[in-house]
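Descriptive analysis of the structure
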Amino acid sequence: MKDKVVYLDNNATTRVADEVLEAMLPYLRELYGNPSSMHTFGGQLAAHIEKAREQVASLLGAQPSEIIFTSCGTESDNAAILGVLEAYPQKRHIVTTRVEHPAVRTLCAHLKQKGYRVTELGVNSRGLLDVAEFTAALTDDTAIASIMHANNETGVIFPIEELARIAKTRGVIFHTDAVQSVGKLPLDMARSAVDLLSLSGHKLHAPKGVGALYIRRGTRLRPFIIGGHQERGRRGGTENVASIVGLGKACEIAQKFLVEENTRVKAMRDRLEKTVLSTIPDSLLNGDPENRLPNTTNISFGYVEGEAILLLLSRAGIAASSGSACTSGSLEPSHVLRAMGVPFTHAHGSVRFSLSRYNTEADIDYTLENLGPIIQKLRAISPFSRGDLKVARSEPQR
Ligand code: PLP
């Protein structure tokens, strides 16, 4: 492995920003008190948590009182869905999609086993939802619709405002997992119809193990973690002060970098994507080219394994992700690509590159220099890249 890592896996996690680390350090060294203590040494920290709450709220265009801190995006998603189901015990139906992150998808599968009815909406070959299908899925029995803002694998953005407004007309609480979009797309909860929104610190240059849930004022929600009086009784547990302060700082910085995410970062993503698609044969883009996060590109390379590509990229010091779940041992293509109907020959060879503001043009040059030869090398030894099989494949969907 090279000393320098070209890190193109920012949808998996991000580097902690230097300013975030600096902001956190005093709370790990000197300011280690408990914010609930009567004495000033601990009690003074409550004000620092409130400052972080204001910083998070500001990025979302929300009121500070509408934010609770959690331990991660997964907890925020669980808190939203389980909290609504508990608040509306008479309603037994959930609407979600087939392409959610496991934080929502696995929870919904669990709830199905518990007797809830779950409607999982499909997507088309570009990863887009059918709004009419969403509308038709809502019933008087629907407690919550949980639809992600941007997909972690493809970056495809769902029209959450439109969906939330439809949900409102049917009296259905609307939750969105915005873990991938916060800090990359502008949000304005004051003008939004979304009731609940999840975010996670480690996707926007804060540390792992801290998240937040936006709860629109007036939304009925039972606490998920029941215990102490923290977070005004909405989430028990002594506050992770250092990480909360870090999340606040990260949100403050993210607000300043929103334009850069959508200009410089997007331009680098576009150059990487365009060059790959135009120079590497049998490569295709997964996901709608327009409605997409500015930092993400998911590209399938026909007739090669994504895992093999990742391994060779990793040897060259380039970190990316693949769309197949090798951890299961089955090398099943990702549920997202399967839901999109990506052809088998291409679903296995998918690679996700996700950029951040820390990437440079030199990172893109280096990746482009390495990627072409890697694909060529793998195809040369792939039994699937014989000409006869190539002809037999179904047409890839753009
Ligand atoms: N939701 C989405 C869309 C994600 O991408 C992730 C993390 O990959 C999560 C939820 C889970 O967040 P966390 O790792 O903070 O639990």
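Given the structure is predicted, the values throughout are model-derived calculations rather than measurements.

Attention now moves to the sheet that holds strand S9 (residues 283–285). Two orientations exist for strands paired in a sheet by backbone hydrogen bonds: parallel and antiparallel. Spatially, the four strands line up as an open sheet ordered S9-S10-S15-S12, and their pairing is antiparallel. Each of the sheet's edge strands pairs with one partner strand only, and the pair in question is S9 and strand S12 (321–322). Strands S9, strand S10 (296–301) and strand S15 (350–354) of the sheet are contacted by helix H8 (residues 241–279), whose axis makes an angle of about 15° with S10.

Let's shift gears to the site of the ligand. Every one of the 13 residues lining the ligand counts as a neighbour, but Gly73, Thr74, Asp177, Ser200 and Lys203 are closest to it. Side-chain polar atom of histidine 101 to an oxygen atom of the ligand: 3.2 Å apart, as the coordinates give it. At 2.6 Å, a side-chain N or O of aspartate 177 approaches a nitrogen atom of the ligand. Relative to its unbound accessible area of 390 Å², the ligand is 88% covered by the protein chains. Take the shell around the ligand: its biggest share by element is three residues, from helix H4 (residues 73–87).

What follows covers the side chain of threonine 154. Within the fold, threonine 154 resides in the loop between strand S5 (142–146) and helix H7 (160–169). Side-chain polar atoms of threonine 154 contact the backbone nitrogen of valine 156, separated by 3.2 Å. In this structure threonine 154 touches Asn286, Gly287, Arg292, Thr296, Asn298, Val336, Leu337 and Met340, once residues within four positions along its chain are discounted.

Right, let's talk about the environment of serine 36 for a bit. Note on placement: serine 36 falls in the loop between helix H1 (18–28) and helix H2 (40–43). With relative accessibility at 33%, the residue serine 36 sits in the partly exposed group. Between the alpha carbons of serine 36 and aspartate 177 there is a distance of 30 Å; along the sequence they are 141 residues apart. Leaving out residues up to four positions away in the same chain, serine 36 has contacts with His229, Gln230 and Glu239. A distance of 3.3 Å separates polar atoms of two side chains, one belonging to serine 36 and the other to histidine 229.

Conventions and cut-offs
- Residues numbered from 1 in each chain as written.
- Predicted model: local features only at pLDDT ≥ 70, side-chain atom pairs only at ≥ 80, totals over all residues.
- Heavy atoms only, no water.
- Pairing = 2+ DSSP bridges.
- Helix = DSSP H or I, 4+ residues; strand = E, 2+ residues; numbered from the N terminus.
- Contact = heavy atoms within 4.5 Å.
- Axes fitted to C-alpha atoms, helices over the stretch in contact; angles between N-to-C directions.
- Near = heavy atom within 4 Å.
- Polar contact = N/O pair within 3.5 Å; in protein donor to acceptor, adjacent residues only side chain to side chain.
- Areas by Shrake-Rupley, 256 points an atom, 1.4 Å probe, with all protein chains shown as cover.
- Buried < 20%, exposed > 50% of the residue type's maximum accessible area, 1.4 Å probe, protein only.

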